[in-house]
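Structural features, examined
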Amino acid sequence: QAGHNVLIWGAAGGLGVFAVQLCKAAGANAVGVVSSDDKGELVKQLGAVDYINRNEFKDMMRTGNETPEEEKARFKASVGFAKRVKQILGDSPDVVFEHVGQATFPTSVFVVKPFGKVVICAGTTGFILDYDVRYLWMKQKEILGSHFANAYECMKANELIESGQIRPVIWKTLPFTGVA
């Protein structure tokens, strides 16, 4: 909704570019997480308030095989990441758009504000998630699974594309022979 703060993982990717533009169309403040400054500039052009290059916080990415010492380092990096998000948005995000899965889900649950929502629609780094559930019940956070839209929402999304408020971002085109 207008005025909400949103964190978008993979903001320059296929799902992320639409999420950034949806936030802009709704009047929400989005910060995108990207893997390069070039992608960050694209995300800003699409309407994000700013971006975070995830390479600055490499240690926050979860593999699921961390030793206790590595887990402490991961949590410390996640705390630094949360501070950066809050610095950019002025507050913690109301919504985290999560599709990365295993590598980022614990950070998503940690960084979203109390009573906020983590919306997950994929698990590109893994589907088996482990995280500290105390951050859910103690801060009354929500996890919402999403698989695009119902018929009405799909129609409204198409209207946003037709009106030019949301546009596909095409990285490169290939001839039909190059499809495979």
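Before any of the text, the structure's been laid out above.
Below: a short report on this structure. What you are looking at is a predicted structure, and each value in this text was computed from that prediction instead of being measured.

Okay, the nonpolar core next. Core analysis: the biggest nonpolar cluster contains 23 residues, and Leu7, Trp9, Phe81, Val85 and Val96 have the highest contact counts within it. Those elements giving two or more residues to this core turn out to be β1 (5-9), β2 (29-34), α3 (68-89), α4 (105-111) and β5 (117-120). Residue contributions to this core peak at five residues, all from α3. Contacts of Trp9, omitting those with residues within four sequence positions, involve Val33, Met60, Phe81, Val96, Phe97, Glu98, His99, Val100, Thr104, Thr107 and Ser108. Within the second largest apolar cluster, 16 residues are counted, among which are Ile8, Val20, Leu46 and Phe97.

This part takes up the pattern of salt bridges. Under the counting rule described, the total for this entry stands at nine salt bridges. Arg62 serves as the salt-bridge partner of Asp130, at 2.7 Å between the closest nitrogen and oxygen. Note that Asp130 is positioned in the loop between β5 and α5 (134-137) and Arg62 in the loop between β3 (50-53) and α3, a separation of 68 residues in sequence. In this structure Asp130 comes out as partly exposed when scored by relative accessible area, which is 35%. The buried category is assigned to Arg62, whose relative accessible area is 11%. Lys156 is the partner of Glu159 in a salt bridge, and the nearest nitrogen-oxygen pair spans 3.0 Å. Here Glu159 pairs with Lys156, and both are found in helix α6 (residues 151-162), just three residues apart, close to one helical turn. On the basis of relative accessibility, which here comes to 36%, the residue Glu159 falls in the partly exposed class. Residue class for Lys156 comes out partly exposed when judged on its relative accessible area of 34%.

Analysis parameters
Residues numbered from 1 in each chain as written. Predicted model: local features only at pLDDT ≥ 70, side-chain atom pairs only at ≥ 80, totals over all residues. Heavy atoms only, no water. Core = buried A, V, L, I, M, F, W, Y, C linked by side-chain atoms within 4.5 Å. Buried < 20%, exposed > 50% of the residue type's maximum accessible area, 1.4 Å probe, protein only. Helix = DSSP H or I, 4+ residues; strand = E, 2+ residues; numbered from the N terminus. Contact = heavy atoms within 4.5 Å. Salt bridge = Lys/Arg side-chain N within 4 Å of Asp/Glu carboxyl O.

Don't take any of this as a statement about function, it's just geometry.
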